[in-house]
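Secondary and tertiary structure notes
Next come the chains, spelled out residue by residue.
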Amino acid sequence: MATLLTMNTNRKRFRLALACLLTLPIVAGHAAEARCLTPAEAQAVVGSGAVQRLGVIARVVGGEIVDAQLCEGGGILVYRLAVMREGGRVDNLIVDATSGQQLR
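About the criteria used
- Residues numbered from 1 in each chain as written.
- Predicted model: local features only at pLDDT ≥ 70, side-chain atom pairs only at ≥ 80, totals over all residues.
- Heavy atoms only, no water.
- Buried < 20%, exposed > 50% of the residue type's maximum accessible area, 1.4 Å probe, protein only.
- Helix = DSSP H or I, 4+ residues; strand = E, 2+ residues; numbered from the N terminus.
- Pairing = 2+ DSSP bridges.
- Core = buried A, V, L, I, M, F, W, Y, C linked by side-chain atoms within 4.5 Å.

A closer look at the pairing of strand β4 (residues 90-96)
In terms of burial, β4 is a largely internal element, six of the seven residues being buried. Where strand β3 (residues 76-84) and β4 come together, seven bridges link them in antiparallel fashion. Bridge assignment links Met-84 to a residue of β4, and that residue is Val-90. Taking the residues that link successive antiparallel strands as the turn, the β3-β4 hairpin has five residues, and the phi of Gly-87 there is positive, at about 90°.

As structure tokens, this is what we get:
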């Protein structure tokens, strides 16, 4: 029973994080110019070494990354992240994908 409750809570947290992430604006550039890469495009960019891997970014932002998108806007690549903190709070962050610097 406890496992089922934990699964439901995690599912709710993930849905909340996803909903928050989808409404999060891109910091750099105009929203109309922002475009998130497809999974295949993101994999190719990460594989080329042009951006930091999520494992490196995770150490910088602290917490568990529950959702991530690699997007381009304003001439830079950024990660749009939903990060679960201790206690279950979810923060939406924008991180420069090349430097790892948190923008928001």
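Brief notes about the nonpolar core
Among the nonpolar cores identified, the biggest contains 15 residues, and Val-51, Val-61, Leu-70, Leu-77, Tyr-79, Leu-81 and Val-95 are the most heavily contacted of them. When residues in this core are grouped by element, the largest group, four residues, is from β3.

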